[in-house]
Amino acid sequence: MVEVLISAEQIQKRVDELARKIMADYDHQPVTIVGVLTGSLLFLADLMRRLELPLRIALIQASSYRGTSTTAGELHVQMDLLPDLSGRHVLVLDDILDTGQTLAHLKVELEAMKPASLKFGVLLRKIGRQELHLEPDYIGFEIPDKFVIGYGLDYNDEYRNLPYIGVLQP
Ligand code: XMP
């Protein structure tokens, strides 16, 4: 059973607001959005179609090996899919900011590519979980420390297609 935490309507309304803010901030400048696979897919798709800006889209794969036999917290980032980002205004989109490991790691990797600017947007931020300081420029919703699914987020690769954010009930 899934308990709805954020409804599809609430998400769409918030994505509208974020799109307006992003358009105002970038003020017609070209932007390269870097979506972090796989969780950001729905957020990316809904947001990008609302952005009336010259837009490039790139994707990056970040997978952590927490809880497996490899070093705790080790993060593998697949950068091969990225175009040249030097001199570009880059906006990274991720589904959820939890400990901050993923975005902190990406920040180092992407800054090395010498973008003109680098910003971060997340649909969700878990309250009280951040271990590494990284303040996203755009945040959809602050949520309690619960494992959430839907709207791109998965449990064992399921539930990503739900149009809302939910909490799995045992
Ligand atoms: P960090 O800790 O690096 O985590 O900020 C970011 C990544 O961890 C995954 N994550 C979740 N995935 N439900 C999920 O489906 C959750 O509640 C959750 N919390 C963290 C996610 O891949 C995110 O990009």
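Just so it is clear, the model here is predicted, and its values are computed rather than measured.

Visitor: Just to check I follow, could you spell out the environment of E111 for this structure?
Guide: Topologically, E111 is positioned in helix α3 (residues 101-111). Judged by relative accessible area, which is 42%, E111 ranks as partly exposed. For the pair formed by E111 and S86, sequence separation is 25 residues and the distance between their alpha carbons is 9.2 Å.

Visitor: How do you make sense of the packing of aromatic side chains when you look at a structure like this?
Guide: Geometrically, a pair of aromatic rings is defined through the distance of the ring centres and the angle of the planes. Summed over all chains, the structure comprises one aromatic pair. Here F147 and Y155 contribute two aromatic rings whose centre-to-centre distance is 6.2 Å and whose plane-to-plane angle is 75 degrees, an arrangement assigned as edge-to-face. The ring of Y26 carries K119 above its face, with NZ or CZ at 5.1 Å from the centroid.

Visitor: Where do I start with the pairing of strand β6 (residues 117-126) in this structure?
Guide: Regular strands show a simple pattern: their side chains alternate between the two faces of the sheet. Of all 10 residues that make up β6, eight are buried, and the element is covered over most of its length. Note: strand β5 (residues 89-97) against β6, eight bridges, orientation parallel. Bridging from a neighbouring strand, V92 pairs with F120 of β6. Across five bridges, the pairing between β6 and strand β7 (residues 138-143) is parallel.

Visitor: Just checking my understanding: could you explain the nonpolar core for this structure?
Guide: Core analysis: the largest hydrophobic core is formed by 27 residues, its most contacted members being I22, F43, L47, L91, L124, V148 and I165. Mapped by element, the contributors of at least two residues to this core are α1 (8-26), β2 (31-37), α2 (41-48), β5, β6, β7 and β9 (165-168). Take this core: its biggest share by element is six residues, from α1.

Visitor: Got a minute to help me understand the side chain of D98 in this structure?
Guide: With respect to the helices, strands and loops of the structure, D98 is situated in the loop between β5 and α3. When near neighbours in sequence (up to four residues on either side) are disregarded, D98 contacts K126, R129 and Q130.

Visitor: Just checking my understanding: could you explain the site of the ligand for this structure?
Guide: With respect to spatial proximity, 15 residues lie near the ligand, and among them D95, T99, G100, T102 and V148 are the closest. Within the side chain of D95, one N or O atom sits 2.8 Å away from an oxygen atom of the ligand. V148 is positioned such that a nitrogen or oxygen atom in its backbone is 2.7 Å from a nitrogen atom of the ligand. In the complex, 85% of the free accessible area of the ligand, which totals 510 Å², lies under the protein chains.

Visitor: What should I look at first to understand the packing of α1 against α2 in this one?
Guide: Describing two packed helices takes the angle between their axes plus the distance from one axis to the other. Relative to each other, α1 and α2 sit at 60 degrees, their axes nearing to 9 Å. Classed by the angle they form, the pair α1 and α2 counts as oblique. When the axes of α1 and α2 are compared, the crossing they make is right-handed. Facing α1, whose interface residues are Q12, V15, L18, A19 and I22, α2 presents F43, D46 and L47. Taken together, the residues of the contact of α1 with α2 break down into six nonpolar, one polar and one charged.

Visitor: I'm lost on the pairing of β9 in this one. Help?
Guide: In terms of strand pairing, strand β1 (residues 2-6) meets β9 through four bridges, oriented antiparallel. In the sheet register, V2 faces β9, and the bridge partner there is L168. Relative to β9, strand β8 (residues 148-149) is paired through two bridges, and the arrangement is antiparallel. Bridge assignment links V148 to a residue of β9, and that residue is V167.

Rules used in this analysis
In this numbering scheme, every chain counts its residues from 1 along its sequence in written order. A pLDDT threshold of at least 70 governs which residues receive local features in this predicted model, and a stricter bar of 80 or more applies before side-chain atom pairs are shown or counted, although totals over entire chains, interfaces and linings include all residues. Values shown for side chains rest on all heavy atoms present in the structure; no hydrogens or waters enter the calculation. Every helix listed is a DSSP run of H or I at least four residues long, and every strand listed is a run of E at least two residues long, numbered separately from the N terminus. Exposure classes here rest on a 1.4 Å probe applied to the protein chains alone. A residue is buried below 20% of its type maximum, exposed above 50%, and partly exposed in between. The aromatic pairing rule takes the rings of Phe, Tyr and Trp, using the six-membered ring of Trp, and pairs them if the centres are within 6.5 Å, calling planes under 30 degrees apart stacked, those over 60 edge-to-face and the rest tilted. As a reminder, the over-ring test applies to NZ of lysine and CZ of arginine, requiring each to be within 6 Å of the ring centre and within 35 degrees of the ring normal. Paired strands, in this sense, are two strands between which DSSP finds at least two bridges. Put simply, buried Ala, Val, Leu, Ile, Met, Phe, Trp, Tyr and Cys residues joined by side-chain atoms within 4.5 Å make one nonpolar core. By definition in these notes, contact holds between two residues if any of their heavy atoms fall within 4.5 Å. When at least one non-hydrogen atom of a residue lies within 4 Å of a molecule or strand, that residue is treated as near it. Under this definition, polar contacts are N or O atom pairs within 3.5 Å; protein pairs additionally need one hydrogen-donor-capable and one acceptor-capable atom, and for neighbouring residues in sequence, both atoms have to be side-chain atoms. Only the protein chains shown count as cover for residues, and the accessible areas themselves come from Shrake-Rupley with a 1.4 Å probe. Angular values range over 0 to 180 degrees, each being the angle between N-to-C directions of two axes fitted as lines to C-alpha atoms, with helices fitted over their stretch in contact. Oblique is the label for any angle not covered by the other classes, which are roughly parallel (under 35 degrees), roughly antiparallel (over 145) and roughly perpendicular (65 to 115). What makes a crossing left-handed is the near helix being turned counterclockwise from the far one by less than a right angle; a clockwise turn instead makes it right-handed. Three categories are distinguished: nonpolar for Ala, Val, Leu, Ile, Met, Phe, Trp, Tyr, Cys and Pro, charged for Asp, Glu, Lys and Arg, and polar for the others, with Gly belonging to the last.

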